[in-house]
Structures are given as structure tokens and as C-alpha cells.
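Spelled out, the chains give:
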Amino acid sequence: DVKVTQSSRYLVKRTGEKVFLECVQDMDHENMFWYRQDPGLGLRLIYFSYDVKMKEKGDIPEGYSVSREKKERFSLILESASTNQTSMYLCASSFRGTGELFFGEGSRLTVL
Amino acid sequence: GENVEQHPSTLSVQEGDSAVIKCTYSDSASNYFPWYKQELGKGPQLIIDIRSNVGEKKDQRIAVTLNKTAKHFSLHITETQPEDSAVYFCAARLTGGGNKLTFGTGTQLKVEL
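Numbers given for residues are sequential positions, taken from 1 along each chain in its written order. To read the labels, note that chains go from A and ligands from 1, taken in the order they are written. In view of the model being predicted, local features appear only for residues whose pLDDT reaches at least 70, and side-chain atom pairs are presented and counted only at 80 or more, with totals across whole chains, interfaces and linings using the full set of residues. Side-chain metrics in this entry use all non-hydrogen atoms of the structure; hydrogen atoms and water are not considered.

### As for the overall build of chain A
Part 1: Numbering of helices and strands runs from the N terminus, with a helix taken as a DSSP run of H or I at least four residues long and a strand as a DSSP run of E at least two residues long. Per the secondary structure count, chain A includes 0 helices and 11 strands.
Part 2: Secondary structure elements in chain A, listed N-terminal to C-terminal, are β-β-β-β-β-β-β-β-β-β-β.
Part 3: Against the compact-globule benchmark of 13 Å for 112 residues, chain A has a radius of gyration of 13 Å, which places it among compact chains.
Part 4: The C-alpha extent of chain A, read off along each of the three principal axes, is 40 × 25 × 25 Å. Two things to know: the radius of gyration comes from C-alpha atoms, and the globule rule equals 2.2 Å times the number of residues to the power 0.38.

Shown next, in the form of C-alpha cells:
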């Protein structure tokens, strides 16, 4: 089975802290994605990557950055967390050119 | 960019009844339309998808229909069961958009006994 593992299920951080959310997939997928899930807003794409060291902005990249140093790992970085970044963050991966995204179980971040 | 609208936001049905969730998309260049199911505490999981060259696709109790002219697509679940209770998301992908999906806002389906 494909497995997408997000390092933390629940995090509580303070405003201004630097936050790292880690995601690892074990299926040699080329594509990796970070989505944010909020009630009434669905899933919104933050950043995605089609290859190592490659990244592209999604629909809501402001306040976020990413890192992909290895094919299996895609990290989401909040340089200075703010309360409006309190949300559920979902990582996903897929093979290049195919439709199905495989999601992790999510990381629920609370910024106080 | 693409915009996907999804209705209703909540849907409650009796066990055994049918459920229908509808989505519309804005960009006629979209060519791939998946549906994801998210159970409580889990990430979304693909349940069915349809490509723009097909009008309907079925998989046991679930089916998806696509009307390209009207730019809308629907998920149909027949003979609903309690385990169908979940949040359902539709999505669309632009031709040439890599594997970047634009999701709808989600539908909370509750199947009551």
C-alpha cells in the first residue's frame, strides 16, 4: 500500500515561531503537494513539486515556503507563524502524469 | 485559474436512499474530474474519477456523470449505507496543468439508520 506519512498529527505553536511540517512518501512518486483544509473552503493548494529541488506556487503560497531535497520528502515551512495559519495541513503525492493523489492523514496546526 | 463549486455543503439521507452531490467548474479546458472521500481523522481517498471524453462511469454503488456543455459533474451513491457517511470532495484538473487539482468546498454526507 502507498503510504504518505506526515510527521506530526497535532502541533501547537506561538505567533512568530518557525514551523516545519514534514511529509514522506514511500512509493517513489515524482509529484508532491501541500494542501490546506478549512471548513467551508475545501482543500486549497499551497505549493507543489514535480521533482527534487523543484517547487511551484499553488493558489495560496503567501506566508509559506517548501523544501524538497530528496524525492521522498517534501517539507512545508511557516517562517513566522500567524494565527490565520491555524488549519489542517494535508500532504499528497502522485506519479507523474496520473490522476490519483495519495494523501497523508493530516497535521492539525494551532497557532496561539 | 479553475474554480470549482460544490453543493450541497451538508446532506442527510436515510439508509438505503440515494445521495447526489453536484459540482460545477469554470474552465472548459479541464479534462479530469475525480471524487475523494474523507473519513473522520483520515486524509481524502479517491473513490471514482471521470475524464472529459466520457459521459458516465459506474463502480458498484457509485457513479459519476459529466456534462461538458454545462460544465458540471455529479456523484451518485445508491443504496446508501452508514459507512458512506463522510466528507466528499469533487475536483477538476486543467489540460496541461500537470497533476494540479482544484477542489470543491466539500459535502458532509450523513447516512441515518
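### What about unusual backbone geometry?
Part 1: At the junction of B:H7 and B:P8, the peptide bond is cis and its omega measures out at -5 degrees in the coordinates.
Part 2: Inspection of the secondary structure assignment puts B:P8 in the loop between β1 (4–7) and β2 (10–14).
Part 3: Positive phi is not limited to glycine here, since A:D28 has a value of about 60 degrees.
Part 4: Its location among the elements puts A:D28 in the loop between β3 (19–25) and β4 (31–38).
Part 5: Phi at B:K71 takes a positive value of approximately 55 degrees, unusual for a residue other than glycine.
Part 6: Following the sequence through the fold, B:K71 ends up in the loop between β7 (62–67) and β8 (72–77).

### Examining the nonpolar core
Part 1: Residues belong to one nonpolar core when they are buried, are Ala, Val, Leu, Ile, Met, Phe, Trp, Tyr or Cys, and are joined through side-chain atoms within 4.5 Å. Only protein chains enter the accessibility calculation, which uses a 1.4 Å probe; a residue is then buried when its area is under 20% of its type maximum, exposed when over 50%, and partly exposed in between. If you look at the biggest cluster of nonpolar residues, it comprises 23 residues, and the most contacted ones within it are B:W35, B:F73 and B:L109.
Part 2: When contributions to this core are tallied by element, the ones reaching two or more residues are β2, β3 (19–25), β4 (30–38), β5 (45–51), β7, β8, β9 (86–94) and β11 (107–112) of chain B.
Part 3: Two residues qualify as a contact provided that any one of their heavy atoms is within 4.5 Å of a heavy atom in the partner residue. Leave out the neighbours within four places in its chain, and B:L109 touches B:L11, B:V13, B:A19, B:I77, B:D84, B:S85, B:A86 and B:Y88.
Part 4: By size, the runner-up hydrophobic cluster in this structure holds 20 residues, among which are A:V19, A:C23, A:M32 and A:W34.

### Some thoughts on the confidence of the model for chain B
Part 1: What pLDDT reports is the predictor's confidence in each residue, on a scale of 0 through 100. Overall, the predicted model of chain B reaches an average pLDDT of 94, with 99% of residues at or above 70.
Part 2: Per-element confidence in chain B is highest for β3(B), whose mean pLDDT is 98, and lowest for strand β10 (residues 101–103) of chain B, whose mean pLDDT is 93.

### Here we look at the sheet that holds strand β8 (residues 73–78) of chain A
Residues and elements named next belong to chain A.
Part 1: Strand order in this open sheet of 4 strands is β1-β3-β8-β7, and the pairing throughout is antiparallel. Edge positions in the sheet fall to β1 (4–6) and β7 (65–70), since each has one partner strand and no second. When the angles between neighbouring strand axes are averaged without regard to direction, this sheet yields 20 degrees.
Part 2: With 3 bridges joining them, β1 and β3 adopt antiparallel strand pairing. If you follow T5 over to β3, its bridge partner there is V24. Strand pairing is assigned whenever DSSP detects at least two bridges linking the two strands. For helices, the fitted line uses only the C-alpha atoms of the stretch in contact; every axis is such a line through C-alpha atoms, and the angle between N-to-C directions lies from 0 to 180 degrees.

### Thoughts on the interface of chain A and chain B
Part 1: Taken together, the contacts link 23 residues of chain A with 19 residues of chain B.
Part 2: Buried area adds together the accessible area that both of two parts lose upon being put together, with accessible area traced by a 1.4 Å probe. Buried surface at the junction of chain A and chain B, both sides included, amounts to about 1,500 Å², of which 52% is carbon and sulfur.
Part 3: The three residues of chain A that bury the most area against chain B are A:L43, A:G99 and A:F103, which together make up 27% of that side's buried surface.
Part 4: Within this document, salt bridges are pairs made up of a side-chain nitrogen of Lys or Arg and a carboxyl oxygen of Asp or Glu, the two lying within 4 Å of each other. On inspection of chain A and its partner chain B, the count reaches 1 salt bridge.
Part 5: A salt bridge links B:K100 to A:D59; the nearest nitrogen and oxygen atoms lie 3.8 Å apart.
Part 6: Within 3.5 Å is the distance limit for a polar contact, defined as a pair of N or O atoms, with the added protein rule that one can donate a hydrogen and the other accept it, and that residues adjacent in sequence qualify only through two side-chain atoms. Seen at the junction of chain A and chain B, the total is 4 residue pairs in polar contact (both at pLDDT 80 or more).
Part 7: Looking at the side of chain A that touches chain B, the elements with two or more residues in it are β4, β5 (42–49) and β9 (87–94) of chain A.

### What about the pairing of β3(B)?
Residue and element names in this part refer to chain B.
Part 1: Covered by surrounding structure in β3 are A19, I21, C23 and Y25 only, the residues V20, K22 and T24 on the alternate face being uncovered.
Part 2: Summarising the sheet, β1 and β3 pair through 4 bridges and their orientation is antiparallel. In the strand pairing of β3, Q6 is matched with C23.
Part 3: Taken together, the 6 bridges between β3 and β8 define a ladder with antiparallel strand orientation. Note on β8: the bridge partner recorded for A19 is I77.

### Re the layout of surface pockets
Part 1: When its volume is computed, the largest pocket comes out at roughly 550 Å³.
Part 2: Considering the residues around the largest pocket, the lining is formed by 27 residues, among which A:Q37, A:R108, B:Q38, B:L40 and B:V87 are closest to the centre.
Part 3: Elements supplying a minimum of two residues to the lining of the largest pocket: β4, β9 and β11 (107–111) of chain A together with β9 and β11 of chain B.
Part 4: With 3 residues, β9(B) is the largest single contributor of residues to the lining of the largest pocket.
Part 5: Amino acids outside the nonpolar list (Ala, Val, Leu, Ile, Met, Phe, Trp, Tyr, Cys, Pro) and the charged list (Asp, Glu, Lys, Arg) are all regarded as polar, and Gly is one of them. The residue makeup of the lining of the largest pocket, split by class, is 8 nonpolar, 13 polar and 6 charged. The way it works is a 1 Å grid over only the protein atoms, where trapped points that fit a 1.4 Å probe form a cavity and open points with protein on both sides within 12 Å along at least five of seven lines form a pocket, and then any residue with an atom within 4 Å of a point lines it. Grid points are joined across faces, edges and corners, and a volume is the space filled by probe spheres set on the points.

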